[in-house]
Amino acid sequence: MQGVARNFFTLAIVYAIFGMILGLAMSISQDHTQMPVHAHAMVAGWLMSAVFAFFYHLFPAARASRLAPLHFWLTAVSGIALMVGLFFLLGGNATVEPLVAIASLGFFLAIFVFAWIALPVIRPTEAGERPARVDFR
Ligand code: HEM
Ligand code: HEM
């Protein structure tokens, strides 16, 4: 894996580790207050970042896009801010609510950046019905 593909996969692993630690802490303490943080860290963090990683791995044309680093950094920074903010919000600290709101919008915006990068890449080319430049290296 190279470039943003590798970055996304590393990010996915970080989410998986922290998300599972939180899941175990919830199970052991029998306090499920942080369930939304765990659920989003596992699904929107680990699974989504891994999907992005494999997409960029399989489609070098997407990885070569100048917008790909923007997609990675916007997803990473807003996603981590969202998880950390939500953790404190659910812990009873209401002052972090604006951070959670801004981070949610950043995370939402990032999916449009991804759509802008990914959709042209998967369109069939004129030469055939295969998407452009699929490379299984
Ligand atoms: C060490 C491994 C894990 C532990 C100890 C753990 C523990 C938990 C606990 C205690 C809950 C709260 C259940 C409730 O309050 O109803 C939960 C919910 C959840 N977990 Fe995990 N979990 C683990 C791994 C995972 C993984 C690998 C995923 C997904 C890839 C995942 C996704 C979810 C989701 C989506 C929910 C929310 C379910 C709902 O909406 O009811 N968890 N987990
Ligand atoms: C802008 C981004 C997002 C926002 C603001 C958001 C917000 C929410 C809210 C408010 C809930 C209900 C929580 C509750 O009732 O306790 C929820 C639940 C859930 N969301 Fe999201 N979500 C976002 C993105 C995502 C993404 C991208 C995924 C998966 C790829 C996802 C997966 C889930 C799951 C599995 C649940 C059920 C578990 C739970 O109740 O915590 N969310 N989300």
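Please refer to the structure placed before this passage.
In short, a report on the structure.

**Thoughts on the nonpolar core**
Then step 1. Core analysis: the largest hydrophobic core is formed by 21 residues, its most contacted members being Phe8, Tyr56 and Ala62.
Then step 2. Looking at this core, the elements that each hand over two or more residues are α1 (3–29), α2 (35–58), α4 (68–90) and α5 (97–122).
Then step 3. If near-sequence neighbours (up to four positions away) are discounted, Tyr56 is found in contact with Val4, Ala5, Phe8, Ala62, Arg63, Ala68, His71, Phe114 and Ile117.
Then step 4. Among the nonpolar cores identified, the runner-up in size contains 9 residues, and Leu22, Ala44, Leu82 and Ala103 belong to it.

**Focus on the site of ligand 1**
Then step 1. Within the structure, ligand 1 sits among 13 residues, and Gly23, Ser27, His32, His38 and Met42 are positioned closest to it.
Then step 2. For the shell around ligand 1, the elements supplying multiple residues, two or more each, are α1 and α2.
Then step 3. Per element, the largest residue contribution to the shell around ligand 1 is 7 residues, and it comes from α2.
Then step 4. Here the shell around ligand 1 is composed, by residue class, of 9 nonpolar, 4 polar and no charged.

**Examining the coordination of the iron atom of ligand 1**
Then step 1. Donor atoms from the protein around the iron atom of ligand 1 number only one, His38 (NE2), found at 2.0 Å.
Then step 2. Of note, His38 is situated in helix α2.

**What about a nonpolar patch on the surface?**
Then step 1. Taken together, the side chains of Ile13, Val14, Ile17, Phe18 and Ile21 define a hydrophobic patch exposed on the protein surface, amounting to about 470 Å² of accessible area.
Then step 2. Structurally, Ile17 can be placed in helix α1.
Then step 3. Exposure remark for Ile17: the relative accessible area of 48% places this residue in the partly exposed category.

**Details of the layout of surface pockets**
Then step 1. Taken as a whole, the largest pocket spans an internal volume of roughly 300 Å³.
Then step 2. Considering the residues around the largest pocket, the lining is formed by 13 residues, among which Phe18, Gly19, Val37, Met83 and Val84 are closest to the centre.
Then step 3. Taken together, the elements giving at least two residues each to the lining of the largest pocket come down to α1, α2 and α4.

**Re the packing of α4 against α5**
Then step 1. Between α4 and α5, whose axes approach to 8 Å, the crossing angle comes to 155 degrees. Judged by the angle between their axes, α4 and α5 are roughly antiparallel. The two elements α4 and α5 meet at a crossing, and its hand is left-handed. From α4, Ala68, Leu70, His71, Leu74, Thr75, Ser78, Gly79, Ala81, Leu82, Gly85, Leu86 and Leu89 reach across to α5, where they touch Glu97, Leu99, Val100, Ala103, Ser104, Gly106, Phe107, Leu109, Ala110, Val113, Phe114 and Ile117.
Then step 2. For the contact of α4 with α5, the class distribution of residues is 16 nonpolar, 7 polar and 1 charged.

What counts and what doesn't
Residues numbered from 1 in each chain as written. Chains lettered and ligands numbered in written order. Predicted model: local features only at pLDDT ≥ 70, side-chain atom pairs only at ≥ 80, totals over all residues. Heavy atoms only, no water. Core = buried A, V, L, I, M, F, W, Y, C linked by side-chain atoms within 4.5 Å. Buried < 20%, exposed > 50% of the residue type's maximum accessible area, 1.4 Å probe, protein only. Helix = DSSP H or I, 4+ residues; strand = E, 2+ residues; numbered from the N terminus. Contact = heavy atoms within 4.5 Å. Near = heavy atom within 4 Å. Nonpolar A, V, L, I, M, F, W, Y, C, P; charged D, E, K, R; others polar. Donors = N, O, S within 2.8 Å, 3.2 Å for Na, K, Ca; no water. Patch = residues over 30% accessible without salt bridge, like charges linked within 9 Å, V, L, I, M, F, W, Y side chains within 5 Å. Areas by Shrake-Rupley, 256 points an atom, 1.4 Å probe, with all protein chains shown as cover. Salt bridge = Lys/Arg side-chain N within 4 Å of Asp/Glu carboxyl O. 1 Å grid on protein atoms, 1.4 Å probe; cavity = no way out; pocket = protein on both sides within 12 Å on 5 of 7 lines; lining within 4 Å. Points joined across faces, edges and corners; volume = space filled by probe spheres on them. Axes fitted to C-alpha atoms, helices over the stretch in contact; angles between N-to-C directions. Parallel < 35°, antiparallel > 145°, perpendicular 65-115°, else oblique. Left-handed = near helix turned anticlockwise from the far one by under 90°.

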